[in-house]
Amino acid sequence: MRLSASQFQFLIDQLRQAPQQGFQQACIQLNKLDLLAWLNQQQHTTRGYWKNKHRQQVAFIGAAKSVLDLEQLQAVSEQLDKSNNQLRFYGGIAFSQQSAQWPSFPQHRFILPRFEIRCDGEYTRLFVNANFQQQPELEYQRIKQAFAALRPSRPLPENATKALSRQDQPNAQQWQKLVDEVTSDEFQQHTAKVVLSRQTSIQLNGEINPFTLLQQWQQKEPKCYSFLFQFDGINSFLGCSPERLYSREGSQLVSEALAGTAPRGVSPEQDQQLGQLLLEDAKNQLENQLVVEDLSRRLQELSLHVNALEQLELVKLDRVQHLKRRIQARISPALADRSLLQALHPTPAVGGLPRSSAVEFILKNEGYARGWYAGAVGWLSGAQSEFSVAIRSALVSPQQLSSFAGAGIVAGSQAAQEWQELNHKIATILQLVDEDALLD
Ligand SMILES: C=C(O[C@H]1C=CC=C(C(=O)O)[C@@H]1O)C(=O)O
Ligand SMILES: [Mg+2]
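Worth saying up front: this structure is predicted, and the values here are computed from it rather than measured.

(A) Representation of the side chain of His-108 in the model. Its place among the elements puts His-108 in strand β6 (residues 108–112). Owing to a relative accessible area of 13%, His-108 belongs among the buried residues under this scheme. Setting aside its immediate chain neighbours within four residues, His-108 contacts Val-67, Leu-68, Asp-69, Leu-70, Gly-92 and Ile-93.

(B) Focus on unusual backbone geometry. The omega angle of the peptide bond from Gln-169 to Pro-170 is -5°, so this bond is cis rather than trans. Structurally, the position occupied by Pro-170 is in the loop between β9 (163–169) and α5 (172–183). Look at the link from Leu-353 to Pro-354: it is a cis peptide, with omega at -10°. Along the chain, the position of Pro-354 falls in the loop between β18 (352–353) and α11 (355–365). Here Arg-55, not a glycine, exhibits a phi torsion of approximately 65°, which is positive. Topologically, Arg-55 is positioned in the loop between β2 (47–51) and β3 (57–61). The class of Arg-55 is exposed, set by a relative accessible area of 54%. Positive phi, close to 65°, is recorded for Ala-374, a residue that is not glycine.

(C) View of the UniProt feature "active site" (unreviewed entry) in the protein chain. Using the residue numbers shown here, the UniProt feature "active site" (unreviewed entry) corresponds to Lys-193 and Glu-243. Tracing the sequence through the fold places Lys-193 in strand β10 (residues 193–204). Residue Lys-193 is classed as buried on the basis of its relative accessible area, which comes to 1%. Here Glu-243 lies in the loop between β12 (236–241) and β13 (244–249). In contact with Glu-243, other than residues within four places in its own chain, are Tyr-225, Glu-256, Leu-258, Thr-347, Ala-349, Ser-388, Val-389 and Ile-391.

(D) Inspection of the packing of α5 against helix α12 (residues 415–433) at higher detail. With their axes 9 Å apart at the nearest point, α5 and α12 run at an angle of 125° to one another. Classified by the angle their axes make, α5 and α12 are oblique. Crossing angle aside, the handedness with which α5 passes α12 is right-handed. Of the residues in α12, those in contact with Ala-172, Trp-175, Gln-176 and Val-179 of α5 are Ala-415, Glu-418, Trp-419 and Leu-422. Class assignment of the residues belonging to the contact of α5 with α12 gives a composition of six nonpolar, one polar and one charged.

(E) How the structure looks around the coordination of the magnesium ion (ligand 2). The coordination sphere of the magnesium ion (ligand 2), as far as protein atoms go, consists of Glu-287 (OE) and Glu-421 (OE), spread over 2.3 to 2.4 Å. With Glu-287 in helix α9 (residues 282–302) and Glu-421 in helix α12, the pair connects residues that are 134 residues apart, well separated along the chain. For the pair Glu-287 and Glu-421, one class covers both residues: buried.

(F) Layout of the site of ligand 1. Looking at ligand 1, there are 19 residues lining it, with Thr-261, Ala-349, Tyr-373, Arg-392 and Gly-406 nearest. In the model, an oxygen atom of ligand 1 is placed 2.6 Å from a nitrogen or oxygen of the Arg-392 side chain. Lys-425 has a polar side-chain atom sitting 3.2 Å from an oxygen atom of ligand 1. When residues of the shell around ligand 1 are traced back to their parent elements, those giving at least two are β14 (252–263), β22 (400–409) and α12. Split by residue class, the shell around ligand 1 holds nine nonpolar, five polar and five charged.

(G) Examining helix α1 (residues 5–17) more closely. Taking 1.5 Å per residue as the helical rise, α1 with its 13 residues ought to reach 18 Å, and the 18 Å between its terminal C-alpha atoms agrees with that figure. Residues of α1 that are buried include every one of Phe-8, Leu-11, Ile-12 and Leu-15, and no others. Buried residues of α1, viewed axially, fall in a sector of 95°; they line one side. Opposite the packed face of α1, turned more than 90 degrees from it, sit the exposed residues Ser-6 and Gln-17. Contacts from the buried residues of α1 go to β1 (23–30), β8 (124–131) and α4 (136–148).

About the criteria used
- Residues numbered from 1 in each chain as written.
- Chains lettered and ligands numbered in written order.
- Predicted model: local features only at pLDDT ≥ 70, side-chain atom pairs only at ≥ 80, totals over all residues.
- Heavy atoms only, no water.
- Helix = DSSP H or I, 4+ residues; strand = E, 2+ residues; numbered from the N terminus.
- Buried < 20%, exposed > 50% of the residue type's maximum accessible area, 1.4 Å probe, protein only.
- Contact = heavy atoms within 4.5 Å.
- UniProt positions renumbered as here; feature names shortened; annotations may be inferred.
- Axes fitted to C-alpha atoms, helices over the stretch in contact; angles between N-to-C directions.
- Parallel < 35°, antiparallel > 145°, perpendicular 65-115°, else oblique.
- Left-handed = near helix turned anticlockwise from the far one by under 90°.
- Nonpolar A, V, L, I, M, F, W, Y, C, P; charged D, E, K, R; others polar.
- Donors = N, O, S within 2.8 Å, 3.2 Å for Na, K, Ca; no water.
- Near = heavy atom within 4 Å.
- Polar contact = N/O pair within 3.5 Å; in protein donor to acceptor, adjacent residues only side chain to side chain.
- Expected span 1.5 Å × (residues − 1).
- Arc of directions from axis to C-beta.

This is the structure:
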């Protein structure tokens, strides 16, 4: 994608006609293009990608404004037009306050990108965002420079890495101990559920391209959110998550309880049977029910009306299937995303119940920093917002990939089965990294 001088002028003219204050935006239609391939060619240290379940996708680079805490996020979102969903801040929040080993992924990070290319199936559009909070003429200069640095798209390279080693933290033995503790009578008296997780680090024999990896991954998981964030030009946090934290438009909010897991079958008959067993299984129902109850209760405090649908659905993914219940709420359109994020995150699908004691146990015992894994990623505008729970995700640096998976531990959970569940959850990404990925 290269813009002609007249296209560039068209965008600048739009910005000049807007009030020279606050955040402003200009937009032009483009021919269709492969967003991940385009992103791979750009030289910015800040690059990102987002695709929702409706296959609307966006690639973004640079930052016209960066925000590093929720108070600031609230302050900027108050400046956004309540009837406009085009000016968008993209970003994420970590699982908890602990952020060691995740230097460019702090507890909160959101950006108003410099450029976005959005593709909704019908139209492909380029947006340029301007921040006129400071001197407008300086901002025009920055925009001009950023335009000059845009590179044309090229096809993505193939990934041909091999895994050299694999390391699990916690390992199988440690996992057994942790699950035993959480399922003990004494522990269960105060904490009914803890979602324990594992980091699986794979050392690679060569450099892996994160954009190619995400493209392959999303082909395997077309029904998932798909995301990538890079803030330092080196480390990428990416994933394909089936789980919505919430999305909202005006006063309508949709959330969901996604918890409870079984593997996919090798034949349609076996797959159907495993799905049926999952729907009827008490331990998995409990995992899900605790999420429904907690989300409903927290939403009730913020909403005018909340409805958790009775129907338990099956969500079928590449290697696993899940139980899901949808939750709808009517909220005041003035309710801030900050309040929603603080109330809902982390849900008992990634934290546990009660939240505080489950999170405390996780931070003390898992032995690694979750960072943005099991955090929330997405975007918000004045009129709309959309957040996914950042599971089925990985932190990728040129020669290393850390993939993460958690499993809800409740009364009746068996350590060995839950360990298998973790393996099923990371099977898709491990296979993409290395055909015959090192098995655990
Ligand atoms: C925490 C994860 O999954 C959650 C979402 C769906 C099913 C889950 C489960 O069955 O344990 C987990 O609660 C993860 O994949 O890292
Ligand atoms: Mg489970």
